[in-house]
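Results of the structural survey
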Amino acid sequence: MSQIKLILLDFDGTLADTCRANGEAYIEALSEVGITLTLQDYTTKYFGMRCQEFMQSVGINDEQLAIKVRARKVELYPNYFSTVRLNTPLWEWCKMMRIMGAKVWIVSTGHIDNITNVMRYLNLDSGIDGIISGDDVPQSKPNPECFLRAMEIEGVHPTETIIFEDSPVGLEAAKQSGAAFVKISL
């Protein structure tokens, strides 16, 4: 592998353990429209799923209702930030690599508002060079488009990139991108 010039981090489940906060916010938002979901079901079946797919999986097929629930979830999400944990060893390594000249990007299927709100809470704003969210690419992971776009923006080759991921679809996208990748388990 060439010198690492670009570090691509999945957010939820990789850089930060946000599963409980996401789950609790969705559980509350969904309960307001009469849908019951347990934290265990959210964790085992839905965490990491793109919002539209998640909404359909829990029985919301009306686009306006899905938008309403998603907005309510974003509003409720900060109430659960006390359960979020930063992957401190990974973050410290990224900070060291930035000092050495590498760029650090978040590449996530998550909604940009959710990512930036948690980043502010964890005081990560100044340590990131860019973000590609689920809103920025039409194809979700396992399609490697999100990773390839970050590489293109930074003008680096996959051999100069390392990707950190936690989910099977994210790992498949990383593999398809041609970059080196590391599986994270929080």
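Please refer to the structure placed before this passage.
All of these numbers come straight from a predicted model, not from anything done at the bench.

1. A few points about the packing of helix α1 (residues 19-31) against helix α2 (residues 39-46)
Running from N to C, α1 and α2 point in directions that differ by 120°, and their axes come no closer than 9 Å. It follows that α1 is oblique to α2 by the angle criterion. Two packed elements cross with a definite hand, and for α1 against α2 that hand is right-handed. Side by side, α1 and α2 meet where Cys19, Arg20, Asn22, Gly23, Glu24, Tyr26 and Ile27 of the first sit next to Leu39, Tyr42 and Thr43 of the second. The class makeup of the residues in the contact of α1 with α2 is five nonpolar, three polar and two charged.

2. Focus: the sheet that holds strand β1 (residues 6-9)
Read from one edge of the open sheet, five strands run β5-β4-β1-β6-β7, paired in parallel fashion. At either margin of the open sheet sits one strand with a lone partner, and together these are β5 (130-132) and β7 (180-183). For this sheet the average axis-to-axis angle between neighbouring strands, irrespective of direction, equals 20°. Pairing between strand β6 (residues 161-165) and β7: four bridges, direction parallel. Note that in β7 the partner of Phe164 across the bridge is Val182.

3. Things to note about the nonpolar core
Core analysis: the biggest nonpolar cluster contains 45 residues, and Ile7, Leu9 and Phe54 have the highest contact counts within it. Top element by residues in this core is α1. It accounts for seven residues. Each residue touching Phe54, except ones within four places of it in the same chain, is listed here: Tyr26, Leu30, Leu37, Tyr42, Tyr46 and Met49. Val107, Cys146, Ile163 and Ala173 belong to the second largest nonpolar core, which has 15 residues in total.

4. Quick look at the pairing of strand β4 (residues 103-107)
Consecutive residues of a regular strand have side chains that alternate between opposite faces of the sheet. Of all five residues that make up β4, four are buried, and the element is covered over most of its length. As judged from the four bridges shared by β1 and β4, these two strands associate in the parallel manner. If you follow Leu6 over to β4, its bridge partner there is Lys103. Across three bridges, the pairing between β4 and β5 is parallel. In the sheet register, Val107 faces β5, and the bridge partner there is Ile132. You can see the chain leave β4, run along helix α6 (residues 112-121) and come back into β5, and the turn it takes is right-handed.

5. Side note on a nonpolar patch on the surface
Together, Met96, Ile99 and Met100 make up an exposed nonpolar region whose accessible area comes to about 360 Å². Its place among the elements puts Met96 in helix α5 (residues 88-99).

6. Looking at the side chain of Thr161
Looking at where Thr161 falls in the secondary structure, it is placed in strand β6. From its side chain, Thr161 meets the backbone oxygen of His157 in a polar contact 3.1 Å long.

7. Regarding helix α4 (residues 63-76)
For α4, which comprises 14 residues, the first-to-last C-alpha distance of 20 Å matches the rise-based estimate of 20 Å (1.5 Å per residue) to within 8%. When we look at burial in α4, the residues that qualify are Ala66, Val69, Lys73, Val74 and Leu76. What you see down the axis of α4 is that its buried residues fit within an arc of 165°, all on one side. Of the exposed residues in α4, those oriented more than 90 degrees away from the buried face are Gln64, Lys68 and Glu75. Its buried side turned inward, α4 meets α1, α3 (51-57) and α6.

Rules used in this analysis
- Residues numbered from 1 in each chain as written.
- Predicted model: local features only at pLDDT ≥ 70, side-chain atom pairs only at ≥ 80, totals over all residues.
- Heavy atoms only, no water.
- Axes fitted to C-alpha atoms, helices over the stretch in contact; angles between N-to-C directions.
- Helix = DSSP H or I, 4+ residues; strand = E, 2+ residues; numbered from the N terminus.
- Parallel < 35°, antiparallel > 145°, perpendicular 65-115°, else oblique.
- Left-handed = near helix turned anticlockwise from the far one by under 90°.
- Contact = heavy atoms within 4.5 Å.
- Nonpolar A, V, L, I, M, F, W, Y, C, P; charged D, E, K, R; others polar.
- Pairing = 2+ DSSP bridges.
- Core = buried A, V, L, I, M, F, W, Y, C linked by side-chain atoms within 4.5 Å.
- Buried < 20%, exposed > 50% of the residue type's maximum accessible area, 1.4 Å probe, protein only.
- Right-handed = clockwise from strand over helix to strand, strands pointing away.
- Patch = residues over 30% accessible without salt bridge, like charges linked within 9 Å, V, L, I, M, F, W, Y side chains within 5 Å.
- Areas by Shrake-Rupley, 256 points an atom, 1.4 Å probe, with all protein chains shown as cover.
- Salt bridge = Lys/Arg side-chain N within 4 Å of Asp/Glu carboxyl O.
- Polar contact = N/O pair within 3.5 Å; in protein donor to acceptor, adjacent residues only side chain to side chain.
- Expected span 1.5 Å × (residues − 1).
- Arc of directions from axis to C-beta.

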